[in-house]
Amino acid sequence: MSQVVCVGILVADVWGRPIDSQPEHGRLMLVDEIGLGVGGCAANTGLGLAKLGVDTGLMGKVGDDGFGEFVREEIGAHGIDTSGIRTTTERGTSATMIMVDSAGERTFMHCIGANATMKPADIDMAQVAAAEVFDFAGALVMPGFDGEPAASVMRAAQQAGTITCLDTVWDDTGRWMELLEPVLPHTDMFLPSLAEAVEITGEAEPARVAQVLMDHGVKTVGLKMGAEGCYVRTAERELRMPAYEVDVVDGTGSGDAFVAGFIVGTLRGWDLEDVARLANAVGALCVTAPGTTAGLRDFAGTIDFLVEREGERWRELAAQ
């Protein structure tokens, strides 16, 4: 059985860079690069975990099409258990067009596709119960799963002794807290971006944002703040951790990489500050190459990065 089971959105990403403007209607514009990759929070986090040496299983839905075949094969090629990925004929595979500008910032156009058909009945709960961590990645764009259906799965995972982790994407429908309120009481770790968390809570300051989420039952809040690093809060601790400075090529997937790092640090039983630093490091490495996972290193390589930035203590910690 897998140490971590990731359930959520699986996406075929078509990306281009650099795109700093849009062509006139009906005209063609040249770009330096166009690529095809696997995306979606569950896939990105799962691939990050696999690169970091964690036995990982992915559950989700793809369409019966070329994109779906590509997503399944690409994920499986990294040693991830894909037995929980279902194929549907109802909708095509979810896909995103990603426009990356010269600074690495991204703009997205997304088709929900097969992710909309995911339901609790599609999940192997025995596999979830046997895992150490259950990661629901991609909340707010899974209309068949969001809200009370997701809450029922998170509740069952907690009751089985599995740590629950939640990550969101931008909710274009504006239903934020309406969909998340049933889920939050069953969430051990909630790791949204600050921008998303502001919309969810109606608060602007990280401390107040975290307090609202904790009042709804979340045990650990980790707010991803891009170039400003992260803010992490529990009932006992409050941390602000700066980001590591790197040459940014493409920010796509950096938040999902952060989640993978946070989960790895948690699995190793590290102090919360070290968990946050590892998460920041994995997120920083992600942005150094195009696409969602190409910049990621294995666990030893990530520790090498931290040793370069902070010293040999990380070598000792990794060996424990």
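Residues numbered from 1 in each chain as written. Predicted model: local features only at pLDDT ≥ 70, side-chain atom pairs only at ≥ 80, totals over all residues. Heavy atoms only, no water.

## Some points on the overall build of the protein chain
(1) Moving on: Secondary structure assignment for the protein chain yields 11 helices and 13 strands.
(2) Moving on: Computed over its C-alpha atoms, the radius of gyration of the protein chain comes to 18 Å, within 12% of the 20 Å expected for a compact globule of 320 residues.
(3) Moving on: Referenced to the eigenvectors of the C-alpha coordinate spread, the extents of the protein chain come out at roughly 55 × 45 × 40 Å.
(4) Moving on: Residues classed as buried in the protein chain amount to 56% of the 320 residues present.
(5) Moving on: The contacts in the protein chain between residues at least 6 apart in sequence include a share of 70% that link residues at least 24 apart.
(6) Moving on: By element, 49% of the accessible surface of the protein chain is carried by carbon and sulfur atoms, the whole surface being about 13200 Å².
(7) Moving on: With 23 positive and 48 negative side-chain charges, the protein chain shows a separation of 2 Å between the mean positions of the two kinds. (Helix = DSSP H or I, 4+ residues; strand = E, 2+ residues; numbered from the N terminus. Rg over C-alpha atoms; globule rule 2.2 N^0.38 Å. Buried < 20%, exposed > 50% of the residue type's maximum accessible area, 1.4 Å probe, protein only. Contact = heavy atoms within 4.5 Å. Areas by Shrake-Rupley, 256 points an atom, 1.4 Å probe, with all protein chains shown as cover. Lys, Arg positive; Asp, Glu negative; His and termini not counted. Charge placed at Lys NZ, Arg CZ, Asp CG, Glu CD.)

## Some thoughts on unusual backbone geometry
(1) Moving on: In this structure, P18 follows R17 across a cis peptide bond, with omega equal to -10 degrees.
(2) Moving on: One non-glycine residue, L140, lies in positive phi territory at about 95 degrees.
(3) Moving on: Looking at where L140 falls in the secondary structure, it is placed in the loop between β8 (133-139) and α4 (148-159).
(4) Moving on: The class for L140 is buried, based on a relative accessible area of 6%.

## Thoughts on the sheet that holds strand β4 (residues 56-63)
(1) Moving on: Reading across from one edge, β5-β4-β1-β8-β9-β10-β11-β12-β13 is the order of the nine strands in this open sheet, with mixed pairing throughout. The open sheet is flanked by β5 (81-88) and β13 (238-241), the only strands paired with a single partner.
(2) Moving on: The pairing of strand β1 (residues 4-8) with β4 spans four bridges and is parallel. Paired with V5 across the strands is G57, a residue of β4.
(3) Moving on: Packed on one face of the sheet, helix α1 (residues 41-51) meets β1, β4, β8 and β9 (163-168) and runs near 160 degrees to β1. (Pairing = 2+ DSSP bridges. Axes fitted to C-alpha atoms, helices over the stretch in contact; angles between N-to-C directions.)

## Concerning the sheet that holds strand β2 (residues 11-17)
(1) Moving on: Strand order across the open sheet formed by four strands is β3-β2-β6-β7, with mixed pairing between neighbours. At either margin of the open sheet sits one strand with a lone partner, and together these are β3 (33-39) and β7 (106-111). Across the sheet, the mean angle separating the axes of adjacent strands is 20 degrees when strand polarity is ignored.
(2) Moving on: With seven bridges connecting them, β2 and β3 associate as antiparallel partners. Bridge pairing links V14 to L36 in β3.
(3) Moving on: The sheet strands contacting helix α2 (residues 66-76) are β2, β3 and β6 (95-100), and the helix crosses β3 at an angle near 70 degrees.

## Quick look at the packing of helix α9 (residues 272-286) against helix α10 (residues 299-310)
(1) Moving on: Remark: α9 packs on α10, axes separated minimally by 10 Å, with the N-to-C direction vectors making an angle of 105 degrees. With respect to α10, the axis of α9 lies roughly perpendicular. Of the residues in α10, those in contact with R277, L278, A281, V282, A284 and L285 of α9 are T302, F305, L306 and E310.
(2) Moving on: In terms of residue class, the contact of α9 with α10 is built from seven nonpolar, one polar and two charged. (Parallel < 35°, antiparallel > 145°, perpendicular 65-115°, else oblique. Nonpolar A, V, L, I, M, F, W, Y, C, P; charged D, E, K, R; others polar.)

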